[in-house]
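What the coordinates show
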Amino acid sequence: MKEVNFDAIKEVFRSALDLGDFELKLDSKFEEVPEWDSLGHMRIVYELEARFDIEFDIEEIVDVDTVEKIMNLTISKLTK
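All of these numbers come straight from a predicted model, not from anything done at the bench. (Residues numbered from 1 in each chain as written. Predicted model: local features only at pLDDT ≥ 70, side-chain atom pairs only at ≥ 80, totals over all residues. Heavy atoms only, no water.)

As for the overall build of the chain
To keep it simple, the criterion reads: Helical segments are the DSSP runs of H or I of at least four residues, strand segments are the runs of E of at least two, and each set is numbered from the N terminus. We compute the radius of gyration over the C-alpha atoms and compare it with the globule rule, which gives 2.2 Å times the number of residues raised to the power 0.38. Throughout, exposure labels follow a simple rule: accessible area from a 1.4 Å probe, protein chains only, divided by the maximum for the residue type, with under 20% read as buried, over 50% as exposed, and the rest as partly exposed. Residue contacts are counted whenever heavy atoms from the two residues lie within 4.5 Å of one another. Methods summary: accessible areas were calculated by the Shrake-Rupley approach with a probe of 1.4 Å, and residue burial reflects only the protein chains presented.
What the chain contains, in helices and strands, is four helices and zero strands. The secondary structure elements of the chain, listed N-terminal to C-terminal, are α-α-α-α. Over its C-alpha trace the chain gives a radius of gyration of 11 Å, about what one expects of a compact globule, namely 12 Å for 80 residues. Taken over the C-alpha atoms alone, the chain extends approximately 35 × 25 × 20 Å along its principal axes. Buried positions account for 39% of the 80 residues belonging to the chain. Put simply, of all contacts in the chain between residues at least 6 apart along the chain, 51% involve residues at least 24 apart. If you sum the accessible surface of the chain, you get close to 5100 Å²; carbon and sulfur atoms cover 48% of it.

Right, dumping it as structure tokens:
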């Protein structure tokens, strides 16, 4: 099983979004992160699913609006 930690999540965000030198933090919110719009959200979800071999239900990802929530949701999927 691949380890999910903040560094791994940052890699996912950098791969899915064009963040440049933006400093991503655990408490970074949807509206604060460049390119994290609805399309960016789907790119993040796709990247997480591909990288960690998991699947999210639409209900799970709709209200996930911080980096920390995304990380915790991903961890919960891997520990089921």
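Structural notes on unusual backbone geometry
You will see that glutamate 35, though not glycine, has its phi angle at about 70°, which is positive. With respect to the secondary-structure elements, glutamate 35 resides in the loop between α1 (6-16) and α2 (38-52). Residues other than glycine seldom take positive phi values, yet aspartate 53 does so here, at roughly 55°.

Quick notes on the packing of α1 against helix α4 (residues 67-78)
How we decide: Here an angle of 0 to 180 degrees is reported between the N-to-C directions of two axes, which are lines fitted to C-alpha atoms, with helices fitted over the stretch in contact. By the definition adopted for this analysis, an angle is roughly parallel if under 35 degrees, roughly antiparallel if over 145, roughly perpendicular if from 65 to 115, and oblique otherwise. For a crossing to be left-handed, the near helix must be turned anticlockwise from the far one by less than a right angle; the clockwise case is right-handed. Gly falls in the polar group here, along with every residue not listed as nonpolar (Ala, Val, Leu, Ile, Met, Phe, Trp, Tyr, Cys, Pro) or charged (Asp, Glu, Lys, Arg).
Taken N-terminus to C-terminus, the directions of α1 and α4 make an angle of 110°; their axes are 10 Å apart at the nearest point. Regarding the angle of α1 to α4, the classification is roughly perpendicular. Handedness of the crossing formed by α1 with α4: right-handed. Across the interface between the two elements, Phe6, Ile9 and Phe13 from α1 touch Val67, Ile70, Met71 and Thr74 from α4. Of the residues in the contact of α1 with α4, the class split is six nonpolar, one polar and no charged.

Remarks on the packing of aromatic side chains
Under the convention used in this document: Classification of ring pairs uses Phe, Tyr and Trp, with its six-membered ring standing for Trp, and accepts pairs whose centres are within 6.5 Å; under 30 degrees between planes counts as stacked, over 60 as edge-to-face, and the remaining range as tilted.
For the structure on display, the rule yields two aromatic pairs. Ring geometry for phenylalanine 13 versus tryptophan 36: centroids 5.1 Å apart, planes at 80°, classification edge-to-face. Of this pair, phenylalanine 13 sits in helix α1 while tryptophan 36 sits in the loop between α1 and α2; the two residues are 23 residues apart in sequence, bridging distant segments of the chain. Both residues of the pair, phenylalanine 13 and tryptophan 36, belong to the buried class.

Considerations on the nonpolar core
Formally: Working definition of a nonpolar core: buried Ala, Val, Leu, Ile, Met, Phe, Trp, Tyr and Cys residues. They are joined through side-chain atoms within 4.5 Å.
Within the largest apolar cluster, 24 residues are counted, with the highest numbers of intra-cluster contacts made by Phe13, Leu17, Trp36, Ile44, Leu48 and Phe52. Residue assignment for this core shows that the elements contributing at least two residues are α1, α2 and α4. Residues in contact with phenylalanine 52, not counting those within four places in the same chain, are Lys2, Glu3, Val4, Ala8, Val12, Thr74 and Leu78.

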